[in-house]
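Understanding the architecture of this molecule
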Amino acid sequence: MRRVSFLITFILLTTVSSKAQRTILNMAEHDDKHYYFGLTFGLNFSVYQVNYTNSFSNTDTFKRIQPHWQPGFNLGLLGNLKISNFIDLRFVPSLAFAEKNIVYQYGIPADSTLKKNIESIYMHLPLQLKFKSDRIKNFRFYAITGIKFDYDMAANARSRRTDEFLKVSPMDFGYEIGVGFEFFNPNFIFSPEIKLSQGLMNQLYKDARLPLSNAIETLYTRMIVISIHLEG
């Protein structure tokens, strides 16, 4: 009886343990899809990368011109096309509400420090290659790289206002790199992602009437985006 009881107990424990370790594979046929869509939203942090003119160091008009990171948010759609088992092509059109901050200080008087915010509403159009790992049960890692085109609908390059301190151009072209994770749920994929978006076009619109514009040679936009994708 002891041997029988021990055997029954062993079988029950083994069965419970195997059931506990068994993982249900969510959306098992998802990788067979040739394409799918989703939603994306996230938080962005953007800043201007500034290169100064020779006049900035040779004159005492400005003592300091310093850009700072500022937060914003993104909202958009996602389209994914399967190229192979490990590579996808993604198009993620979205609106990015961003803000860049510039602090500058006049040389005379020394205490005249001003802080200005530049608000942008980007029509963000990135085309990305997504490199996927093997699926590990309900988890997968991926990396992305690609190009992007941005159009700033709030750019003031053509503004006729006399109180502008700096003018920026509306169009930008650049590249993006990032990493993310896919967590497969019964009805959708939850994908947190972080990426760096770097602009390659000079955003400064030269206007000789603006002293700050004469002190800056180039402005490039850099943005870090932390996104959540909900994919079907």
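Throughout this description, residue numbers start from 1 for each chain and increase along the sequence as written. With the structure being a predicted model, the display of local features is reserved for residues of pLDDT at least 70 and the display and counting of side-chain atom pairs for 80 or more, all residues being used for whole-chain, interface and lining totals. With hydrogens and water set aside, each side-chain value is computed from the structure's full complement of heavy atoms.

With respect to the overall build of the protein chain
- The numbering of helices and of strands both runs from the N terminus, where a helix is a DSSP run of H or I of at least 4 residues and a strand a run of E of at least 2. Helix and strand content of the protein chain: 3 helices and 10 strands.
- For the protein chain, the α and β elements follow one another from N to C terminus as α-β-α-β-β-β-β-β-β-β-β-α-β.
- In the protein chain, once contacts between residues fewer than 6 apart in sequence are set aside, the share between residues at least 24 apart is 70%.
- Accessible surface computed for the protein chain: about 13,500 Å², of which carbon and sulfur atoms make up 64%. Any two residues whose heavy atoms approach within 4.5 Å are treated as being in contact. All accessible areas in this document rest on Shrake-Rupley with a 1.4 Å probe, and a residue is counted as covered only by the protein chains that are shown.

Digging into the pattern of salt bridges
- Salt-bridge detection follows one rule: a side-chain nitrogen of Lys or Arg within 4 Å of a carboxyl oxygen of Asp or Glu. Inspection of every chain in the model, using the stated rule, returns 10 salt bridges.
- Residue Glu182 pairs with Lys130 through a salt bridge whose shortest N-O separation is 2.3 Å. Linking Glu182 in strand β8 (residues 171-184) with Lys130 in strand β6 (residues 113-132), this pair joins segments that are 52 residues apart in sequence. With respect to class, Glu182 is no different from Lys130; both count as buried.
- Of the charged contacts in the structure, one is a salt bridge between Arg140 and Glu182, with a shortest N-O distance of 3.3 Å. Of this pair, Arg140 sits in strand β7 (residues 139-152) while Glu182 sits in strand β8, placing them 42 residues apart in sequence.
- Burial status follows relative accessibility: with a 1.4 Å probe on protein chains alone, a residue under 20% of its type maximum counts as buried, one over 50% as exposed, and anything between as partly exposed. On the accessibility criterion, Glu182 (1% relative accessible area) is buried.

A look at the confidence of the model for the protein chain
- How sure the predictor is of each residue is captured by pLDDT, a score from 0 to 100. Chain-level statistics for the protein chain give a pLDDT mean of 87 and a share of 87% at 70 or above.
- Of all helices and strands in the protein chain, the one with the weakest mean pLDDT is helix α1 (residues 2-21) (49), whereas strand β4 (residues 87-91) scores best (98).
- Low confidence marks residues 15-20, where pLDDT is under 50. Its contacts with residues over four positions away, or in another chain, come to 0 contacts.

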